[in-house]
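Below are the chains, spelled out letter by letter.
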Amino acid sequence: MKIIMLGAPGAGKGTQAKMIADQYGIPHISTGDIFRANIKEQTELGMEAKTYMDKGALVPDELTVKILLDRVAKDDCKSGYVLDGFPRTIPQAEVLDKAVKELNETIDYAINVEVPDENIIKRMSGRRACLACGATYHVEHVPPKKEGICDRCGKELVLRDDDKPETVKKRLEVYHAQTQPLIEYYNKKNILKEVDGTKDMKDVFADIVKILGA
Ligand code: ADP
Ligand code: ADP
Ligand code: ZN
């Protein structure tokens, strides 16, 4: 099963993608996580991506597409994957379509997690991330067992640099200008499904399971 998660920054794509990956036994692929891992390791790619991410801008398509295509070519993607944060532009979507088509395969669903902008800013200031293992928490909605410490790996949790309110506003603008058009793009391909992301995360997941089938 090949699934794309659509939605504004902070809509809950990552949260839902991780649950989907666990339930259906497919890898969760987040381009943001890949960039953050590279920043942490101070690779050349990481250093370049950081200059865009810190501003709330998108990393250029050329760089992003290469990383994604390398990742989905790996063996663990043979039975499918859930993409979180890719595609974010029409050209990225076109590259993905072409790559999937070349393998005689198809994307099954593009799930749009719908959350109004007003809710987003609040959510993001409460988000805490583990840069070591990619786990995400929320100070109110998903608190870790021990404040500031990742339940999964014991490392310290951080407020991402790009989750500060000024940068979130910029990211929302970029989302509306560059990523939102993908909703119509996948609607035309008849694979778009919408879920209400303002619900409790368990209820959002239940709605997704209804779409995907148990
Ligand atoms: P969020 O989950 O909050 O939407 P991500 O972790 O997906 O954030 O992305 C963080 C940042 O990484 C983005 O603001 C952007 O700069 C960069 N990024 C991630 N995925 C892409 C992509 N597909 N294209 C361009 N930039 C990306
Ligand atoms: P995205 O990947 O779309 O940027 P995340 O999955 O990282 O979004 O979620 C953003 C923040 O909101 C995180 O702190 C997460 O714990 C929290 N969150 C996710 N889903 C919900 C929900 N349904 N209700 C409330 N908070 C949520
Ligand atoms: Zn962790």
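Residues numbered from 1 in each chain as written. Chains lettered and ligands numbered in written order. Predicted model: local features only at pLDDT ≥ 70, side-chain atom pairs only at ≥ 80, totals over all residues. Heavy atoms only, no water.

Draft legend 1. The overall build of the protein, seen in detail. Counting its regular elements, the protein contains nine helices and eight strands. Compactness check: the protein gives a C-alpha radius of gyration of 16 Å against a globular reference of 17 Å for 214 residues, within 12% of the reference. Its C-alpha atoms give the protein principal-axis dimensions of about 45 × 40 × 35 Å. Expressed as a percentage of its 214 residues, the buried residues of the protein come to 45%. For the protein, contacts bridging at least 24 residues in sequence account for 68% of all contacts bridging at least 6. (Helix = DSSP H or I, 4+ residues; strand = E, 2+ residues; numbered from the N terminus. Rg over C-alpha atoms; globule rule 2.2 N^0.38 Å. Buried < 20%, exposed > 50% of the residue type's maximum accessible area, 1.4 Å probe, protein only. Contact = heavy atoms within 4.5 Å.)

Draft legend 2. How the structure looks around the sheet that holds strand 5 (residues 127-130). Spatial strand order, 6-5-7: three strands in an open sheet with antiparallel pairing. Two strands close off the open sheet at either side, each with one partner strand: strand 6 (136-138) and strand 7 (157-158). Pairing geometry for strand 5 and strand 6, over three bridges, is antiparallel. Residue pairing in the sheet places Arg127 in a bridge with His138 of strand 6. (Pairing = 2+ DSSP bridges.)

Draft legend 3. Region of the structure containing the site of ligand 2. Of all residues adjacent to ligand 2, which total 19 residues, the nearest are Gly10, Gly14, Thr15, Arg127 and Tyr137. Take Thr15: an N or O atom from its side chain is 2.5 Å from an oxygen atom of ligand 2. Counting residues per element, the ones that place at least two in the shell around ligand 2 are helix 1 (13-24) and strand 6. Partitioning the shell around ligand 2 into residue classes produces six nonpolar, eight polar and five charged. (Near = heavy atom within 4 Å. Polar contact = N/O pair within 3.5 Å; in protein donor to acceptor, adjacent residues only side chain to side chain. Nonpolar A, V, L, I, M, F, W, Y, C, P; charged D, E, K, R; others polar.)

Draft legend 4. Expanded view of the sheet that holds strand 4 (residues 109-114). On the basis of which strands lie adjacent, the open sheet formed by five strands has the order 2-3-1-4-8 and parallel pairing. Edge strands, defined here as strands with exactly one partner in the open sheet, are strand 2 (28-30) and strand 8 (192-196). Averaged over neighbouring strand pairs, the angle between their axes works out to 25 degrees when direction is ignored. Examined bridge by bridge, strand 1 (residues 2-6) and strand 4 share four bridges and lie parallel to one another. By the bridge assignment, Leu6 is partnered in strand 4 with Asn112. In the packing of helix 2 (residues 31-40) onto the sheet, contacts are made with strand 2 and strand 3 (81-84), and the angle to strand 2 comes to roughly 65 degrees. (Axes fitted to C-alpha atoms, helices over the stretch in contact; angles between N-to-C directions.)

Draft legend 5. Summary view of the site of ligand 1. With respect to spatial proximity, 21 residues lie near ligand 1, and among them Thr31, Ala57, Arg88, Arg127 and Arg171 are the closest. Residue Lys13 places a side-chain N or O atom 3.3 Å away from an oxygen atom belonging to ligand 1. A total of 550 Å² of accessible area belongs to ligand 1 in isolation, and the protein chains cover 97% of it. A total of four residues in the shell around ligand 1 trace back to one element, the largest contributor, which is helix 2. In terms of residue class, the shell around ligand 1 is made up of eight nonpolar, six polar and seven charged. (Areas by Shrake-Rupley, 256 points an atom, 1.4 Å probe, with all protein chains shown as cover.)

Draft legend 6. The coordination of the zinc ion (ligand 3), seen in detail. Note on the zinc ion (ligand 3): its protein donors are Cys130 (SG), Cys133 (SG), Cys150 (SG) and Cys153 (SG). The metal-donor distances range over 2.3 to 2.4 Å. Its four donor atoms give the zinc ion (ligand 3) angles of 99 to 117 degrees at the centre, a pattern that matches the tetrahedral case. Coordination of the zinc ion (ligand 3) draws on donor residues from a single chain, spaced C-x2-C-x16-C-x2-C in sequence. Residue Cys130 is located in strand 5, and its partner Cys150 is located in the loop between strand 6 and strand 7; the two are separated by 20 residues in the primary sequence. We classify Cys150 as buried; its relative accessible area is 3%. (Donors = N, O, S within 2.8 Å, 3.2 Å for Na, K, Ca; no water. Tetrahedral: all angles 85-135°; square planar, octahedral: opposite > 155°, others 65-115°.)

Draft legend 7. Structural detail: helix 2. Along helix 2, the residues that are buried comprise Thr31, Gly32, Phe35, Arg36 and Asn38. Down the axis of helix 2, the sector holding all buried residues measures 160 degrees, keeping them to one side. Once helix 2 ends, the next one or two residues include Gln42, with phi positive near 55 degrees. (Arc of directions from axis to C-beta.)

Draft legend 8. Quick peek at the nonpolar core. Counting residues in hydrophobic clusters, the biggest one holds 45 residues, and the most contacted among them are Met5, Ile20, Leu83, Leu96 and Tyr186. Looking at this core, the element that brings in the most residues is helix 9 (residues 201-212), giving five residues. Filtering out sequence-adjacent residues up to four positions away, Ile20 remains in contact with Ile3, Met5, Gly25, Ile26, Val82, Phe205, Ile208 and Leu212. (Core = buried A, V, L, I, M, F, W, Y, C linked by side-chain atoms within 4.5 Å.)

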